[in-house]
Amino acid sequence: MSKITFPRMGESYRTFKMFLEDLGNEVVVPPRPSKRTLDLGIRYTPEFACFPLKILMGTYLETIEMGIDTIVTSGGVGPCRAGEYAMLHHKLLSDLGYKVKMIVIEPPRLHPFNFYKSVRALNKARISIKGIIAHVKRAWRKLQALDNLEKLSHIVRPREINRGNTTKVYRKALEWIDQAYTTEQIVEAESTALEALNSIPQDANRNVLKVGIVGEIYVLLEPASNLEIEETLGNLGVEVEKSMFLTGWTRDNSWNETSEGITVKEAASPYLPELIGGHGRDSIGHTVLYAKRGFDGIIQLAPFTCIPEIVARTILTKVSKDYNIPVLTFFLDEQTGKAGMNTRLEAFVDLLKRKKQFQSGIESFTC
Amino acid sequence: MAVKVGIPNALLYYIYYPLWQAFFNEIGVQVVTSGKTTKDILNNGVREALADACVPVKIFFGHVMGLKDRVDYLFIPRVVCVNRKTIYCPKFLGLPDMIRHSITGLPPVIDIRMDSRQGYFAMLKAYTEIGSIFNASKHSSFRAYKKACRTLNRYNKLLQSGWNPHEAMSLLRKPGSLSKPPEPSLNFAVIGYPYNIYDSFISVNLLDKLRRLGVGTITTENISPLLLAWQKNCGLPKRLFWTFSDRALKAAHLLFKQGRIDGMLHLTAFGCGPDSLLNKFIELEAKKYKNIPFMTLMIDEHTGEAGMSTRLEAFVDMVKRRKEALACLK
Ligand code: SF4
Ligand code: SF4
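Since the structure is predicted, the reported quantities are computational estimates derived from the model, not experimental observations.

### Quick look at the overall build of chain B
Across its full length, chain B carries 14 helices and ten strands. Its C-alpha atoms give chain B a radius of gyration of 20 Å, within 12% of the compact-globule value 20 Å for 330 residues. With respect to the three principal axes, the spread of C-alpha positions in chain B is 70 × 45 × 40 Å. For chain B, the residues scored as buried account for 57% of the 330 residues in total. In chain B, the proportion of contacts linking residues at least 24 apart, taken out of those at least 6 apart, comes to 71%. Roughly 14500 Å² of accessible area belongs to chain B as shown, and the carbon and sulfur atoms make up 54% of that amount.

Here it is in structure tokens:
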């Protein structure tokens, strides 16, 4: 039987694995991107390819070693490079002599036939359309549970009394959701997990800074690519809010713009009225919205050479001035080191603290 | 005194300047350009633009800096799509916004959106809108646009008969003022974006250097669009999304297939996003044509005259020796 794999983005792999297995595939879960993944990826991809493309190339090579022969991935119509990744990956892999099948899922609205074909190819168990829809719904619920758990961990971590508690509980809770299969189980696992996180001893009076994270979706969602920035920030006593989640993003793309999407677009339009592909416009819109909601600072995460984020960064300088909110950008690639990143983060958090202290006129700001 | 509109000599300049100039002159507006790229322009651009931006965008910033105090308007249209199929690199799409939000003291920026996917008359509408800024009637804008299109056609014909943009522009002004150089012994394809190849400052005089080494060049702009369109998607499941990259890949495929060239160069800018795909696709294609040597030249703001010359000379030498050796074998 053919073995199948897919791109890994954060914890979402737990859902995709379940869904693909439901359709009757033998699934190889892509391992967490490691140093070796990066090394492999870099060796065989162009120097200025985006960082996500490099990591994925490494992942594909690793899973090929594990015996996969089919890769399912998303397509897209751009205007950014992500829509053409699959094509390049396929060419690079065949150039290396690997014969793998690529199932590229295109947006159903634009390529209904292609979408249908991909779904058929994945549907090994020959499940009826109704059955597939039920599986999608359940998978979606699981994805939401995973996202909700992560969101709560961002709130609890900066307030925990014993360092590392949150991360430990979070890891465990992820497994509970992973084990859940039916919708009822998923809902139950989710509430137990949320409860467990909430019952971590916290210091309610701690003065916690709030930072919004904007940027390109892959580096936002895959901790291995952003060097676990959320954890680091949490440990520095910062509550983070990520502007994008798979459940908050897939919806935008396949169910048209949601109410959320529209406000982000509107917020961005005085600065960038054009959709430039990737998440450039969202980065600007979210920054404006975070500033309006009174956040203390913004961190932009972008892959090195990422075109839309470079455009966004150029404009963010102005947004930052207009709204008086500090913005720190990381252009990430294989050379970004954790130590360097932490130093920059510590300095940034210091700056935010001093700014807040100055603004509120408090003499002693204890944290 | 006539109103002055500034057009930076960068990015789309090499493709559309004749049209823009003709249009503005026809509606009674004076056009001012920023002239050739210089060291100062580059330095200004490097200072004003984001460090992570590509060289061509930095240079564009530099040109704007050089123009902004001399003109009443800056013309930085938001060119999204002109052929209903491919769009321009996202940096072109956000260009007016990047400029507006990072350079201070700008005159009004004309950033009309040009997107032919919006309908058959989208372009005409865009130009009448520009005309209305200068109080030109719809009718006179229409006439000016028609005339400008004819100028652009003449320009494109000149390009397709083998002239480069600089030569073609002077031929438009003074027909017959240039004569064709003698047939060179070697012919190279130079693939890349027009704003890199023809900007003699960024390309470190690439075309001139080749000419002095006795090498004739053919570029994407020299090829008729019909022949390019014929290449379809170059054997890929999807075409490249970006206009210039798509054209460059098609040109590379066509020229490889025709086999009339002795070598191919791909000029790419440091940090260019689309080129990471384009270059790889050309490189993979080049592997199939062992008899046509291929080389990638990367330029950035520090590329030096000497380094470029050495690499070019070595490549030309290698191609020459190969050609002689092959001739002996025959
Ligand atoms: S958004 Fe950035 S990372 Fe994503 S494909 Fe585009 S350039 Fe690459
Ligand atoms: S195509 Fe490349 S060189 Fe041109 S603007 Fe885009 S990133 Fe820069």
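On we go.
### Observations concerning the interface of chain A and chain B
Taken together, the contacts link 35 residues of chain A with 36 residues of chain B. At the boundary of chain A with chain B, total buried surface from both sides reaches about 3200 Å², with 71% on carbon and sulfur atoms. Here chain A and chain B share four salt bridges between them. Residue Arg78 of chain B is joined to Glu274 of chain A by a salt bridge in which the shortest nitrogen-to-oxygen separation is 3.7 Å. Where chain A touches chain B, the interface holds eight residue pairs in polar contact (both at pLDDT 80 or more). Put simply, the parts of the chain that give the side of chain A that touches chain B at least two residues each are helix H4 (82–95) and helix H14 (307–323) of chain A. Here the residues of the side of chain A that touches chain B are counted per class, giving 21 nonpolar, six polar and eight charged.

### Digging into the side chain of Glu106 of chain A
Tracing the backbone through its elements, the reader meets Glu106 of chain A in the loop between strand E4 (101–105) and helix H5 (112–122). Of the polar contacts made by the side chain of Glu106 of chain A, one reaches the side chain of Lys238 of chain B; its length is 3.2 Å.

### Considering the site of ligand 1
Residues and elements named next belong to chain A. Surrounding ligand 1, one finds Cys50, Cys80, Arg81, Ala82, Tyr85, Glu216, Gly278, Pro303, Cys306, Ile307 and Pro308. Those elements that place two or more of their residues in the shell around ligand 1 are H4 and H14. The residue makeup of the shell around ligand 1, split by class, is eight nonpolar, one polar and two charged. When residues of the shell around ligand 1 are assigned to domains, at least three map to each of domain 1 (3–127) and domain 3 (208–367).

### Considering the sheet that holds E4 of chain A
Residue and element names in this part refer to chain A. Here we have four strands laid out as an open sheet, ordered E2-E1-E3-E4, and parallel in their pairing. Only two strands of the sheet have a single partner each, and these edge strands are strand E2 (26–27) and E4. Contacts from H5 reach strand E1 (3–5), strand E3 (70–74) and E4 within the one sheet, and its direction differs from that of E4 by about 130°.

### A closer look at the site of ligand 2
Residues and elements named next belong to chain B. In the region of ligand 2, the neighbouring residues are Cys54, Pro56, Val57, Cys89, Lys91, Phe92, Tyr193, Tyr195, Cys272, Gly273 and Pro274. More than half of the atoms belonging to ligand 2 lie within 2 Å of the grid points that define the largest cavity. The set of elements that each furnish at least two residues to the shell around ligand 2 consists of helix H3 (55–67), helix H4 (90–93) and helix H13 (273–286). Residue classes in the shell around ligand 2 are distributed as nine nonpolar, one polar and one charged.

### What about the environment of Ile15 of chain B?
Residues and elements named next belong to chain B. Tracing the sequence through the fold places Ile15 in helix H1 (residues 13–26). We classify Ile15 as buried; its relative accessible area is 11%. With 96 residues separating them in the primary sequence, Ile15 and Asp111 have C-alpha atoms 17 Å apart.

### Description of the environment of Gly216 of chain B
All names here are of chain B. For Gly216, the location among the structural elements is in strand E8 (residues 215–219). Placed 38 residues apart in sequence, Gly216 and Leu178 show a C-alpha to C-alpha distance of 16 Å. Setting aside chain neighbours within four positions, we find Gly216 in contact with Pro184, Leu186, Asn187 and Phe188.

### Section: the pattern of salt bridges
Counted according to the given criterion, the structure contains 40 salt bridges over all chains. One salt bridge in this structure joins Arg14 of chain A and Glu11 of chain A, with 3.0 Å as the shortest N-O distance. The buried category is assigned to Glu11 of chain A, whose relative accessible area is 14%. Measuring nitrogen to oxygen at the nearest pair gives 3.2 Å for the salt bridge that ties Lys238 of chain B to Glu106 of chain A. Residue Lys238 of chain B is found in the loop between helix H11 (225–229) and helix H12 (243–258), and its partner Glu106 of chain A is found in the loop between E4 and H5; the two belong to separate chains.

### Re the packing of helix H7 (residues 165–179) of chain A against helix H8 (residues 183–198) of chain A
Residues and elements named next belong to chain A. Running from N to C, H7 and H8 cross one another at 175°; their axes reach a closest spacing of 9 Å. The pairing of H7 with H8 is recorded here as roughly antiparallel in orientation. Contacts between H7 and H8 involve Thr166, Val169, Tyr170, Ala173, Trp176 and Ile177 from the former and Ala189, Glu190, Thr192, Ala193, Ala196 and Leu197 from the latter. Considering only residue class, the contact of H7 with H8 consists of nine nonpolar, two polar and one charged.

### Some remarks on the domain arrangement of chain A
Residues and elements named next belong to chain A. What the domain assignment lists for chain A is domain 1 (3–127), domain 2 (130–204) and domain 3 (208–367). Each of domain 1 and domain 3 has a C-alpha centre, and the two are 27 Å apart. Of the residues lining the interface, 21 residues belong to domain 1; the matching set on domain 3 comes to 25 residues. For the pair domain 1 and domain 3, the summed buried surface comes to about 1800 Å²; carbon and sulfur atoms form 66% of the total. When residues of domain 1 are sorted by the area they lose upon contact with domain 3, Met9, Phe51 and Arg109 head the list and together hold 31% of the total. Here domain 1 and domain 3 share two salt bridges between them. Summed over the shared surface of domain 1 and domain 3, the number is five residue pairs in polar contact (both at pLDDT 80 or more). Of all elements in the fold, only helix H2 (35–44) and helix H3 (51–65) reach the threshold of two or more residues within the side of domain 1 that touches domain 3. Here the side of domain 1 that touches domain 3 is composed, by residue class, of 14 nonpolar, two polar and five charged.

What counts and how
Residues numbered from 1 in each chain as written. Chains lettered and ligands numbered in written order. Predicted model: local features only at pLDDT ≥ 70, side-chain atom pairs only at ≥ 80, totals over all residues. Heavy atoms only, no water. Helix = DSSP H or I, 4+ residues; strand = E, 2+ residues; numbered from the N terminus. Rg over C-alpha atoms; globule rule 2.2 N^0.38 Å. Buried < 20%, exposed > 50% of the residue type's maximum accessible area, 1.4 Å probe, protein only. Contact = heavy atoms within 4.5 Å. Areas by Shrake-Rupley, 256 points an atom, 1.4 Å probe, with all protein chains shown as cover. Buried area = accessible area lost by both parts, 1.4 Å probe. Salt bridge = Lys/Arg side-chain N within 4 Å of Asp/Glu carboxyl O. Polar contact = N/O pair within 3.5 Å; in protein donor to acceptor, adjacent residues only side chain to side chain. Nonpolar A, V, L, I, M, F, W, Y, C, P; charged D, E, K, R; others polar. Near = heavy atom within 4 Å. Domains from an automatic or database assignment. Pairing = 2+ DSSP bridges. Axes fitted to C-alpha atoms, helices over the stretch in contact; angles between N-to-C directions. 1 Å grid on protein atoms, 1.4 Å probe; cavity = no way out; pocket = protein on both sides within 12 Å on 5 of 7 lines; lining within 4 Å. Sits in = over half its atoms within 2 Å of the grid points. Parallel < 35°, antiparallel > 145°, perpendicular 65-115°, else oblique.

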